[in-house]
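Examining the three-dimensional arrangement
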There are 2 protein chains.
Amino acid sequence: MAVYVVGHKSPDTDSVCSAIAYAELKKKVGVDAVPARQGDLNPETTFVLEKFGFDVPELVTDATGKRVILVDHSEVAQSLDNLDKGEIVEIVDHHKIGDVTTPNPIFYLNMPVGSTATVVKKLYEDAGVEISKEIAGILLASILSDTVILKSATTTDIDRKAAEELAKIAGVDDIQELGMEMFKRKSELEGKSAKDLLFRDFKNFDMSGNKVGIGQIEVVSLSLLDNFKDALYEEMQKLKEAEGYHSIFLMLTDIIQEGTELLCVTDDPEVVKKAFDKEIEGRSVWLPGVMSRKKQVVPNFEKAFSS
Amino acid sequence: MAVYVVGHKSPDTDSVCSAIAYAELKKKVGVDAVPARQGDLNPETTFVLEKFGFDVPELVTDATGKRVILVDHSEVAQSLDNLDKGEIVEIVDHHKIGDVTTPNPIFYLNMPVGSTATVVKKLYEDAGVEISKEIAGILLASILSDTVILKSATTTDIDRKAAEELAKIAGVDDIQELGMEMFKRKSELEGKSAKDLLFRDFKNFDMSGNKVGIGQIEVVSLSLLDNFKDALYEEMQKLKEAEGYHSIFLMLTDIIQEGTELLCVTDDPEVVKKAFDKEIEGRSVWLPGVMSRKKQVVPNFEKAFSS
């Protein structure tokens, strides 16, 4: 039976490309692996797959009866539906350790680095399998996407070294240029509904028993979002009511100015105060220097909710 | 602040020796790491530490305010008290993925191999750090202990290869002889109370919301336990009442005959039937070929409790 390699819901470039690259590695070592995705691709990921010549992976949303390798997540809330009705055979990730458990011992590698692609590159090396030019391209793109072109607080020396080596293999002369091309795609808002944008990169968390959703939209200038904010806030309120969230936060991240405006819809504004030592002004707080959900937002809220 | 490297409660040889060896590796790469243990050592572990010249690690049972690296477990029920009041900085293990979660991304490597020592050996190689003769000795002993001298169903080719290489470094000519020496110590029952024996290697699990304890006593012949069974069963009943267990199971494992008599104290004998397709006769079931709690007992009960 084939093994599906799949990233998180609301897939981003790292989630999709790490699944493709890791499935390729598994195939090289004799495992019948198929890359998959849990939802529609964002414009950045579409651009990356086209640029390096890959098809869009199969859509898989339910684990029932399937064997799966989870990449880029270890939270049940971000994973396939009916995860307990499938078999998890491996996990490869770079986030906090989530609440996925297994009945059997499996391979699980989580590294505190900027992208899952960085971990996948290491696993190619461990297995002694050569990385093709095309795979190097999508792994590089994943690192650039997840680390905001190596600028995010999550970026480690391991990511920088991996990006350099992958750029060489992929024949990419200018990492910065590729990164800006990608972020231009990511910033494209034309023709998008507020709902599309809210779910473009949206993750669910269980924080001390509370359902919390945290989305992120990265743009080259916050002013691009001026015309969307009202509609985004309305979508957040609707979603909160419809699905019983305690809080929904949306990070509007300016990758040039290097900071985040956090839109907040919450039952308890105190958690924002506890998390960032700042009061909500109107409907948001400005967080200078904050660009990483994983490293600069999720841990703060985890702490705020548990105290 | 020092980082404590610590294995599970009711420490066995792998839990103690992997902690010592991994702390040593962390020190070699510049981390102020201290090996620790959560409880008294069993006679086998005492023998191994004496043989290869190591002190008994510091006793640590509470995580409050501490930075910790967990080895050989990832279940909250098997870990330090107040785990949420400390900081978990790494996990190195070879069991099923447990319910430990973290607020931040950390290094977590779990491999489906016979012992945590096998994983620690790999991490020495990844770091390019030479394994000393003494460390090789305790890593080898850990593999032999956890894999019942490379005979348990959990034994992989990676463990066999690691054991061979470690034996060379440690100057151990006869792996089998070392293993039997160890198991003779493990089989020593003289002067032990039933309570000592029950807790010698006892692990707690949360199975679909039920508190389940599974212990194991490995002996070279089951007949050695004839005089202990009544008292062991009584201790199991007492413990069940006192601490609100749903079930307590005790594996009496004959490493020569290669099978396990499973003593059962449970609210629901059906789970044993579901797990092994066998009825309890009197107070136990005989499970031929079963020697591994991790691979042949825990997954069966997990399934039985969840169905």
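Residues numbered from 1 in each chain as written. Chains lettered and ligands numbered in written order. Predicted model: local features only at pLDDT ≥ 70, side-chain atom pairs only at ≥ 80, totals over all residues. Heavy atoms only, no water.

The name recorded for chain A in an unreviewed UniProt entry is inorganic diphosphatase, from Archaeoglobus sulfaticallidus PM70-1. A UniProt comment under Cofactor (unreviewed entry) is attached to chain A, and it reads "Mn(2+)". Turning to chain A, the UniProt record has this under Catalytic activity (unreviewed entry): "diphosphate + H2O = 2 phosphate + H(+)". (UniProt positions renumbered as here; feature names shortened; annotations may be inferred.)

**Considerations on the pairing of strand β8 (residues 210-219) of chain B**
Residues and elements named next belong to chain B. Taken across its ten residues, β8 has eight buried, putting it largely inside the fold. In sequence, strand β7 (residues 202-207) turns back onto β8 through a hairpin of two residues, with Ser208 there showing a positive phi of about 50 degrees. Each parallel crossover has a hand, and the one from β8 via helix α8 (residues 229-243) to strand β9 (residues 247-254) is right-handed. (Buried < 20%, exposed > 50% of the residue type's maximum accessible area, 1.4 Å probe, protein only. Helix = DSSP H or I, 4+ residues; strand = E, 2+ residues; numbered from the N terminus. Pairing = 2+ DSSP bridges. Right-handed = clockwise from strand over helix to strand, strands pointing away.)

**Regarding the UniProt feature "domain: DHHA2" (unreviewed entry) in chain A**
Mapped onto this structure's residue numbering, the UniProt feature "domain: DHHA2" (unreviewed entry) falls at residues 179-305 of chain A. Between the C-alpha atoms that bound residues 179-305 of chain A the distance is 35 Å, and the span itself is 40% helix and 29% strand.

**Things to note about the interface of chain A and chain B**
Contacts between the two partners involve 24 residues from chain A, matched on the other side by 24 residues from chain B. Of the roughly 2000 Å² buried between chain A and chain B on both sides combined, carbon and sulfur atoms contribute 64%. Per-residue buried area on chain A facing chain B is highest for Ile97, Pro105 and Tyr108 of chain A; these three make up 30% of the total on that side. Where Lys122 of chain A meets Asp126 of chain B, a salt bridge forms, and the shortest distance between an N and an O atom there is 3.4 Å. Listed by contribution, the elements that provide at least two residues to the side of chain A that touches chain B are β6 (107-110), α3 (116-127) and α10 (293-306) of chain A. Examining the composition of the side of chain A that touches chain B, we find that four residues originate from one element, β6 of chain A, more than from any other. Looking at the side of chain A that touches chain B, its residues break down into eleven nonpolar, seven polar and six charged. Sheet topology note: the β6 of chain A/strand β6 (residues 107-110) of chain B ladder contains three bridges and is antiparallel. Residue pairing across strands places Tyr108 of chain A opposite Asn110 of chain B, the latter belonging to β6 of chain B. (Contact = heavy atoms within 4.5 Å. Buried area = accessible area lost by both parts, 1.4 Å probe. Salt bridge = Lys/Arg side-chain N within 4 Å of Asp/Glu carboxyl O. Nonpolar A, V, L, I, M, F, W, Y, C, P; charged D, E, K, R; others polar.)

**Section: the relation of the copies chain A and chain B**
For these two chains of identical sequence, chain A goes onto chain B by a turn of 180 degrees and a shift of 0.0 Å along the axis, with RMSD 0.0 Å. Taken together, these values place the two copies in the relation of a two-fold axis. If distances are taken from each C-alpha of chain A to the rotation axis, the shortest is found for Leu109 of chain A, at 2.3 Å. With an isologous cut-off of 70% or more, the 100% of interface residues of chain A that recur at the interface of chain B puts this contact in the isologous class. (Least-squares fit on C-alpha atoms with pLDDT ≥ 70 in both.)

**Here's the deal with the nonpolar core**
If you look at the biggest cluster of nonpolar residues, it comprises 106 residues, and the most contacted ones within it are Tyr22 and Leu140 of chain A together with Tyr22 and Leu140 of chain B. Among the nonpolar cores identified, the runner-up in size contains 30 residues, and Leu80 of chain A together with Leu80, Leu83 and Tyr108 of chain B belong to it. (Core = buried A, V, L, I, M, F, W, Y, C linked by side-chain atoms within 4.5 Å.)

**Quick look at the domain arrangement of chain A**
Residues and elements named next belong to chain A. Each assigned domain of chain A is listed here: domain 1 (3-184) and domain 2 (194-306). On a C-alpha basis, the centroid separation for the pair domain 1 and domain 2 is 24 Å. Facing the 21 residues of domain 1 at the interface are 19 residues of domain 2. Carbon and sulfur atoms supply 58% of the area buried between domain 1 and domain 2, which totals about 1800 Å² over both sides. Along the contact surface separating domain 1 from domain 2 lie two salt bridges. (Domains from an automatic or database assignment.)

**Notes on the packing of helix α2 (residues 43-52) of chain A against helix α6 (residues 175-187) of chain A**
Residue and element names in this part refer to chain A. Contact geometry of α2 with α6 gives a least axis separation of 7 Å together with a crossing angle of 135 degrees. On the basis of the axis angle, α2 is oblique to α6. In terms of crossing hand, the pair formed by α2 and α6 is right-handed. In contact with Pro43, Glu44, Phe47, Val48, Lys51 and Phe52 of α2, α6 contributes Leu178, Glu181, Met182, Phe183, Arg185 and Lys186. Considered class by class, the residues forming the contact of α2 with α6 number seven nonpolar, no polar and five charged. (Axes fitted to C-alpha atoms, helices over the stretch in contact; angles between N-to-C directions. Parallel < 35°, antiparallel > 145°, perpendicular 65-115°, else oblique. Left-handed = near helix turned anticlockwise from the far one by under 90°.)

**Notes on the sheet that holds β8 of chain B**
Residue and element names in this part refer to chain B. An order of β7-β8-β9-β10-β11 is seen for the five strands of this open sheet, with the pairing classed as mixed. Edge positions in the sheet fall to β7 and β11 (284-288), since each of these pairs with one other strand and no more. Averaged over all neighbouring strand pairs, the angle between strand axes comes to 25 degrees, with direction disregarded.

**Section: the pairing of strand β9 (residues 247-254) of chain A**
Residues and elements named next belong to chain A. The element β9 is largely enclosed, with a buried count of eight among its eight residues. Direction of pairing for strand β8 (residues 210-219) relative to β9: parallel, over a ladder of eight bridges. Paired with Val219 across the two strands is Asp254, which belongs to β9. In this sheet, strand β10 (residues 259-266) lies alongside β9 in antiparallel orientation, the contact comprising eight bridges.

**Structural notes on the pattern of salt bridges**
Residues and elements named next belong to chain A. The tally for this structure, following the rule as stated, stands at 46 salt bridges over all chains. The closest approach of N and O atoms between Lys186 and Glu218, which form a salt bridge, is 2.8 Å. Here Lys186, found in helix α6, pairs with Glu218, found in strand β8; they are 32 residues apart in sequence, far enough to count as distant. For the pair shown, Lys186 and Glu218 are each scored as buried.

**Notes on the side chain of Glu261 of chain B**
Residues and elements named next belong to chain B. Note on placement: Glu261 falls in strand β10 (residues 259-266). Given the relative accessible area of 12%, Glu261 is considered buried. At a separation of 2.9 Å, a polar atom in the side chain of Glu261 contacts the side chain of Ser284. For Glu261, the contacting residues outside a window of four places in its chain are Leu222, Lys229, Leu250, Met251, Leu252, Ser284, Val285 and Trp286. (Polar contact = N/O pair within 3.5 Å; in protein donor to acceptor, adjacent residues only side chain to side chain.)

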